[in-house]
Each structure stands twice: as C-alpha cells, then as structure tokens.
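A structural walkthrough
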Amino acid sequence: SFRRLSLGLMRSPNAVIALFGAYFLLQVVVRQIIPPALRIDEAQQILFSQWLALGYDAQPPLYNWYQQAVFALLGTSMATLAFAKNLILFLTFAVFVKTAERVLEDKRLVAVAAMALFVIPQVFWQAQRDLTHTAMFMLTFSLLLYCSIRLLQRPTTMGYLLVGLIAGLGMLSKYNFALALPAVLFAVMLHPQGRSRIFDRRFLLTIAVSVIVFLPHIFWLIDNLAFAS
C-alpha cells in the first residue's frame, strides 16, 4: 500500500535513491516514445560531439565532454542522449540524499528533503527537457556540498583534494558556479569547525587543484571572451 511504501522510504534512504533510479530510468523509456525531433540542447550535443575542444559556446564544456564520452561508449542515438541526461539527474538526487543523510538526525526527513528537491520546476521538468549545463551544475554543486560537509566532519588531505577537484569541475559545468563558491565558503566559516578547516594549510591544495582543473578552459576563454559572453 501507499502507507507501507511511505514508511519504507522514510526508514531507508537507499530506498529513496532506488525509487528515483526507477523514475529516471522510466524517463529514458518515455523519451523513446515521444516524437523523435531533437530539442535545442539535444541538437547542440549532437553537433558538438563531432570534435573535442576546450570550449564551444557561451557555456563551459564539461557536459559536452561527458556527452562525448557517453556517445563513444554507447553510440550516438536518442537513447544515449536521454540516458546521459537522466544519469546526471539521478546522480544529483543520489548525492542529495546522501548529503541529507549526513546532516539530518531524524532519518525520516531524508525522504522529505529528496521530495522537496523534486518539486522544483527546474529540476523535475525543465532539466528533463533542456538545461543540460544546468543539470551538470546541479550535480557538481551537490557534490561540492557533500564533500564540504564530509570535510567538516572528518578533515583529510584526500578530502581537501576532492573539494578542489569538484570546485574545478563545477566551474567547467556552468559559469554561475562562481556565485556558489563564495556562498559555500561563507557557510563553512559559520560552522564551529569551519574556520579551522579553511585556515588549514591543506586548503591551499583545494585552491591549487581547482585552478589546475579549470585553467585550460581559462586560456580558451581569454581568446574567445566575446563569443563566450
């Protein structure tokens, strides 16, 4: 019954992840049923998949690189377009659930947090139709939150490196990720252990890794600023 399903989801965060996995798998199937005409973002991915570059247009190239990898492994088709998008959305929800699991004492609220994310129009509707770069932004930002929280709870050198890697990939996902970085930094500083984590010398590793990851695209951006903006 619906009541038993609800209780099961509230008791098990992994069951919530499995439910969203089934939902996004269904979305892949639905995309094969509806008219096959490519939407704008889908057509763009097909076009840009024909060559590898440090930049393409007014958005950073991370999703384009990711889509190229999916095409290389599974072939170019409507199914692989839909699979790539829905995999990103599923991973976003999975990371969000795991983040909620870390910070919420009452585990029953994890399912509530996941469902709350699902009712945002840009998440449950627009991102499934277009918004490819926004989908990658949501995933990288969710990963940044998760890794930052884990670093607050248990500081390790690998944790600092991982936050730097995610920050660099986030800048490659969408340029307005730059607005998210100071917001996360400010939130960390308000945490009781936040300042000690930021003033730790290993935080320099975080900065260095993020810059190294984003640096090749910066060179492209300097030469193509008018085009990219």
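The rules we used
- Per chain, residues are indexed from 1 in the order of the written sequence.
- Restriction of local features to residues with pLDDT of at least 70 applies here, the model being predicted, together with a cutoff of 80 or more for giving and counting side-chain atom pairs; totals for whole chains, interfaces and linings are based on all residues.
- With hydrogens and water excluded, all non-hydrogen atoms of the structure serve as input to the side-chain values.
- Note on conventions: DSSP H or I runs of at least 4 residues are helices, E runs of at least 2 residues are strands, and numbering of each starts at the N terminus.
- Both definitions apply: the radius of gyration is a C-alpha atom measure, and the globule rule equals 2.2 Å times residues to the power 0.38.
- Partly exposed residues are those whose accessible area sits between 20% and 50% of the maximum for their type, while under 20% is buried and over 50% is exposed, using a 1.4 Å probe and protein chains only.
- We call two residues in contact whenever any of their non-hydrogen atoms come within 4.5 Å of each other.
- Each accessible area value is a Shrake-Rupley result obtained with a 1.4 Å probe; residue values ignore everything except the protein chains displayed when judging cover.
- Two N or O atoms form a polar contact when they lie within 3.5 Å of each other; inside protein one atom must be a possible hydrogen donor and the other a possible acceptor, and for residues adjacent in sequence the pair counts only when both atoms belong to side chains.
- Only C-alpha atoms enter the line fits that serve as axes; for helices the fit covers just the stretch in contact. Angles between N-to-C directions range over 0 to 180 degrees.
- Our angle categories are set so that under 35 degrees counts as roughly parallel, over 145 as roughly antiparallel, 65 to 115 as roughly perpendicular, and the remainder as oblique.
- In this scheme the handedness of a crossing depends on how the near helix is turned from the far one: anticlockwise by less than a right angle means left-handed, clockwise means right-handed.
- Amino acid classes used here: Ala, Val, Leu, Ile, Met, Phe, Trp, Tyr, Cys and Pro are nonpolar; Asp, Glu, Lys and Arg are charged; the rest, including Gly, are polar.
- Note that the arc is computed from the directions linking the helix axis to the C-beta atoms.
- Grouping buried Ala, Val, Leu, Ile, Met, Phe, Trp, Tyr and Cys residues that are joined through side-chain atoms within 4.5 Å yields what is termed a nonpolar core.

On to the overall build of the protein, then. Tallying secondary structure elements over the protein gives 13 helices and 0 strands in all. Moving toward the C terminus, one meets the helices and strands of the protein in the order α-α-α-α-α-α-α-α-α-α-α-α-α. In terms of overall size, the protein behaves like a compact globule, its C-alpha atoms giving a radius of gyration of 19 Å where 229 residues would be expected to give roughly 17 Å. Taken along its principal axes, the extent of the C-alpha atoms in the protein is 60 × 50 × 30 Å. Taking all 229 residues of the protein together, the buried fraction comes to 40%. Within the protein, counting contacts between residues at least 6 apart in sequence, those at least 24 apart form 68% of the total. In the form shown here, the protein has an accessible surface area of approximately 12,500 Å², with 72% of it arising from carbon and sulfur atoms.

Next up on the list: the environment of F227. Position of F227 among the secondary structure elements: in helix α13 (residues 225-228). Along the chain, F227 and M115 lie 112 residues apart, while their C-alpha atoms are 39 Å from each other. The residues touching F227, leaving out its near neighbours within four places in the chain, are Y56, D57 and W220.

On to the environment of R31. For R31, the position within the fold is in helix α2 (residues 13-33). In the structure, R31 is positioned 52 residues away from F83 in sequence and 9.4 Å away in space, judged by C-alpha atoms. For R31, the residues in contact, after removing those within four places along its chain, are P36, A37, L38, E42, M78 and A82. Looking at R31, its side chain comes within polar contact range of the main-chain oxygen of A37, at 3.2 Å.

This paragraph deals with the packing of helix α5 (residues 78-103) against helix α7 (residues 121-129). It is at 10 Å that the axes of α5 and α7 come closest, and there the two elements cross at 160°. The orientation of α5 relative to α7 falls into the category roughly antiparallel. When you trace α5 past α7, the crossing you get is right-handed. Together, K85, L89 and F93 of α5 and V123, A127, Q128 and R129 of α7 make up the contact between the two elements. Tallied by class, residues from the contact of α5 with α7 come to 4 nonpolar, 1 polar and 2 charged.

Let us look at the environment of N86. Within the secondary structure, N86 is located in helix α5. In sequence terms N86 and V28 are 58 residues apart; their C-alpha atoms lie 6.9 Å from each other. When sequence neighbours within four positions are dropped, the list of residues in contact with N86 reads F24, Q27 and V28.

Tracing the sequence through the fold places T140 in helix α8 (residues 132-153). At a separation of 3.3 Å, a polar atom in the side chain of T140 contacts the side chain of S173. Leave out the neighbours within four places in its chain, and T140 touches L62, I166, L169, G170, S173 and F177.

Once that is clear, we can look at the packing of α8 against helix α10 (residues 177-190). At a minimum axis separation of 11 Å, α8 and α10 run at an interaxial angle of 20°. Looking at the two axes, α8 sits roughly parallel to α10. Taken as a pair, α8 and α10 cross one another with a handedness that is right-handed. In this structure, α8 uses F137, T140, F141, L144, L145, S148 and L152 to contact α10, whose residues at the interface are F177, A180, L181, V184 and V188. Residues of the contact of α8 with α10, tallied by class, amount to 10 nonpolar, 2 polar and no charged.

What α7 keeps buried is the set V123, A127 and Q128. Mapping the buried residues of α7 onto a view down its axis gives an arc of 95°, with all of them on the same face. Lining the buried residues of α7 we find α2, α5, α6 (108-118) and α8. Remark: L131 follows α7 within two positions and exhibits a positive phi of approximately 50°.

This part is about the nonpolar core. Y66, I88, M136 and M138 are the most contacted members of the largest nonpolar core, which has 42 residues in total. Those elements giving two or more residues to this core turn out to be α2, α4 (62-74), α5, α6, α7, α8, α9 (157-173) and α10. For this core, the leading source of residues is α8, giving 9 residues.

Note that every value here comes from positions in space, so none of it alone points to a role or purpose.
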